[in-house]
Amino acid sequence: MKDILSSTPAMLLLVIGSYYIGTLLYRRLRSAWVHPVAVAMILCIVVLLILGIDYSTFQAGTAFLDFLLGPTVVALGYLLYEQLEHLRGREIAIFVATIIGASVGIASVVLLGYFFNLDEALIASLAPKSATMPIAIPLSEQSGGLPAITAVVVFLTGIVGSLIGPWLLDKCGITHPIARGLALGSASHGIGTSRAIELGAIEGAVSGLAIGLTGVAISLLLPLVEWMI
Amino acid sequence: MILKGVFIILSFYILGIVSSNLIGGLIPGSVCGMLLLFVALCGGIVKPDSVRSVARALTHNMAVLFVPAGVGIMAQYDLIAQNWVGIITITIMCTLLVLLSTGGIAQYLNNRFKNNNINKSK
């Protein structure tokens, strides 16, 4: 019985099933805190602990989902192309703002990381946190980070941006829809974008574009930072 | 159509892994693949129609793919317990810094160049 419960189909069913429950819950409660990913993570951990299945067994069973992260990042290239078509004529403002935002993100993590005396593996796990999850995870692995910490931090980053973001942008007088969408997508990837879509069509489109651009900017900047320190 | 899309995406993934190796692994293979696909679409080498359905299917449901990595925190409990103050403070502060710097600069540049291209995007 234990063999069946820890087999690949059972592990995949656990992930898909708990995510499905997460989406149902999210649809009912509509709060950023019950994001399907958070619900699914917690459900999976609880089930694994109850059944006494260790993480390495789970990891082996869900290797297929990890593999799919790769093709998904490649597919983001298509989304980037599609969204850029809608925003012709604004490219320079969008590129410059994204690159500066990504640099601020990496620099602030590294500086604050030293300030809080975090060890290098933790700083490396946090540095790519504004990138979308499928990009942040391989970047973290590459620079000696811990993918699990990155996953949780990337998720938190999304929640923080989408909960506080629109309010803070109002407070600081950032009212231009392109600027608002770009800010949410750059800081908080997909979770920020789902918030931006609620603010308006332009905000949503720019935010979607910002996910891809920020991912690219962080992948290009991160090796540079590592090389410098 | 789906088969062709899968074929193209996987081909660009492999191309990305090869080019990642060529540059000494500085950028992950999947990100290289994404850039190459983007360039190929802009250059008209790949027709958008041929990858649209597969690209949308993958990206619309990608959140479920993050779950396995997140579950990994159960193996990292000690590290988080020791550093949670720093981790949470950095996450909140840095996220808001990125938000304000990106938004502020985008707004400044947009206002600055308003006269050159008047509201092209609606």
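Residues numbered from 1 in each chain as written. Chains lettered and ligands numbered in written order. Predicted model: local features only at pLDDT ≥ 70, side-chain atom pairs only at ≥ 80, totals over all residues.

Asks: Give me the lowdown on the overall build of chain B, citing residues and values where you can.
Replies: Looking only at helices and strands, chain B features five helices and zero strands. The helix and strand sequence of chain B, counted from the amino end, reads α-α-α-α-α. Since a compact globule built from 122 residues should have a radius of gyration of about 14 Å, the 20 Å found for chain B marks it as more spread out than a globular shape. Classification of the 122 residues of chain B by burial places 43% in the buried group. Pairs at least 24 apart in sequence give 42% of the contacts found in chain B among residues at least 6 apart. (Helix = DSSP H or I, 4+ residues; strand = E, 2+ residues; numbered from the N terminus. Rg over C-alpha atoms; globule rule 2.2 N^0.38 Å. Buried ≥ 20, exposed ≤ 12 C-beta atoms within 10 Å, placed from the backbone. Contact = placed C-beta atoms within 7 Å.)

Asks: How would you summarise the overall build of chain A if you had to cite specific residues and measurements?
Replies: Looking only at helices and strands, one finds 11 helices and zero strands in chain A. Here the C-alpha atoms of chain A give a radius of gyration of 18 Å, agreeing with the 17 Å that 2.2 N^0.38 yields for 229 residues. By principal-axis analysis of the C-alpha atoms, chain A measures approximately 60 × 45 × 30 Å. Once local pairs closer than 6 in sequence are excluded, the contacts in chain A between residues at least 24 apart make up 60%.

Asks: Mind laying out the domain arrangement of chain B, listing which residues take part and the relevant values?
Replies: Considered domain by domain, chain B is made up of domain 1 (1–60) and domain 2 (71–122). The distance between the C-alpha centroids of domain 1 of chain B and domain 2 of chain B comes to 27 Å. (Domains from an automatic or database assignment.)

Asks: Tell me what's going on with the confidence of the model for chain B, and back it up with residues and numbers.
Replies: Should pLDDT be low for a region, the predicted coordinates there are not to be read in detail. Residue and element names in this part refer to chain B. Predicted confidence across chain B gives a mean pLDDT of 89, with 93% of residues reaching 70 or more. Here helix 4 (residues 67–71) stands out as the element of chain B with the lowest mean pLDDT, 90, in contrast to helix 1 (residues 2–22), whose mean of 96 is the highest. Note that pLDDT drops below 50 for residues 117–122; the model gives that stretch nine contacts with residues more than four away or on any other chain. If you check the scores for this complex, the pTM reads 0.86 and the ipTM reads 0.87. (pLDDT = per-residue confidence, 0-100.)

Asks: Residue-level account of helix 3 (residues 48–60) of chain B, with values.
Replies: The end-to-end C-alpha distance of helix 3 of chain B is 17 Å, a good match for the 18 Å that 13 residues give at a rise of 1.5 Å each. Taking the largest bend as the criterion, helix 3 of chain B deviates by roughly 30°, centred on V54 of chain B. Looking at helix 3 of chain B, one finds that the buried residues are V51, V54, A55, L58 and T59 of chain B. Residues of helix 3 of chain B that are buried make contact with helix 5 (63–86) of chain A together with helix 1 of chain B. (Expected span 1.5 Å × (residues − 1). Bend = angle between axes of the 7 residues up to and from the residue.)

Asks: Go over the interface of chain A and chain B with me, naming the residues and quoting the values.
Replies: Contact residues are listed per partner, giving 94 residues for chain A and 68 residues for chain B. Residue contributions to the side of chain A that touches chain B peak at 17 residues, all from helix 5 of chain A. Within the side of chain A that touches chain B, the residues separate by chemical class into 67 nonpolar, 22 polar and five charged. (Nonpolar A, V, L, I, M, F, W, Y, C, P; charged D, E, K, R; others polar.)

Asks: Which residues make up the nonpolar core, and what values go with them?
Replies: Membership of the largest hydrophobic core comes to 105 residues, with the highest contact counts inside it found for A40, A151, L182 and A183 of chain A together with L37, V67 and A106 of chain B. Residue contacts for A183 of chain A: discarding those within four places in its chain leaves G165, L169 and I174 of chain A together with L99, T102, G103 and A106 of chain B. (Core = buried A, V, L, I, M, F, W, Y, C linked by C-beta atoms within 7 Å.)

Asks: Please set out unusual backbone geometry residue by residue, giving values where relevant.
Replies: All names here are of chain A. Residues other than glycine seldom take positive phi values, yet N117 does so here, at roughly 60°. N117 sits in the exposed class, given 9 other C-beta atoms within 10 Å. Positive phi outside glycine occurs at H189, with the angle close to 35°. Summarising the element assignment, H189 is placed in helix 10 (residues 177–199).

Asks: Describe the packing of helix 10 of chain A against helix 5 (residues 77–112) of chain B, and please don't skip the residues or the numbers.
Replies: Direction vectors running N to C along helix 10 of chain A and helix 5 of chain B enclose 150°, while the axes themselves pass 8 Å from each other. One way to sum up the angle between helix 10 of chain A and helix 5 of chain B is to call them roughly antiparallel. Where helix 10 of chain A crosses over helix 5 of chain B, the two elements pack in a sense that is right-handed. Here I178, A179, R180, L182, A183, S186, A187 and S188 of chain A of helix 10 of chain A come into contact with helix 5 of chain B, specifically with T95, V98, L99, T102, G103, A106, Q107 and N110 of chain B. Split by residue class, the contact of helix 10 of chain A with helix 5 of chain B holds eight nonpolar, seven polar and one charged. (Axes fitted to C-alpha atoms, helices over the stretch in contact; angles between N-to-C directions. Parallel < 35°, antiparallel > 145°, perpendicular 65-115°, else oblique. Left-handed = near helix turned anticlockwise from the far one by under 90°.)

Asks: Explain the packing of helix 6 (residues 91–115) of chain A against helix 11 (residues 201–228) of chain A residue by residue, including any values.
Replies: All names here are of chain A. Where helix 6 contacts helix 11, the axes come no closer than 9 Å and their chain directions differ by 50°. Classified by the angle between their axes, helix 6 and helix 11 sit oblique to one another. Viewed along their axes, helix 6 and helix 11 form a crossing whose handedness is right-handed. Contact residues: I94, T98, I99, G101, A102, S103, I106 and V110 in helix 6; L209, A210, L213, T214, A217, I218, L221, L222 and V225 in helix 11.

Asks: Quick rundown of the domain arrangement of chain A? Include the residues and the values.
Replies: All names here are of chain A. Parsing chain A into structural domains produces domain 1 (1–61) and domain 2 (68–228). The interface is formed by four residues belonging to domain 1 together with five residues belonging to domain 2. A per-class count over the side of domain 1 that touches domain 2 returns three nonpolar, one polar and no charged.

Asks: Give me the environment of Q83 of chain A: which residues, what numbers.
Replies: Residue and element names in this part refer to chain A. Secondary-structure assignment places Q83 in helix 5. Residues Q83 and L146, 63 residues apart in the sequence, show an inter-C-alpha distance of 32 Å. Once you skip the residues sitting within four places of it in the chain, Q83 turns out to touch A205, G208 and L209.

Asks: Summarise the environment of I45 of chain B; cite the residues concerned and give the values.
Replies: Secondary-structure assignment places I45 of chain B in the loop between helix 2 (29–42) and helix 3. Residues I45 of chain B and G104 of chain B, 59 residues apart in the sequence, show an inter-C-alpha distance of 37 Å.

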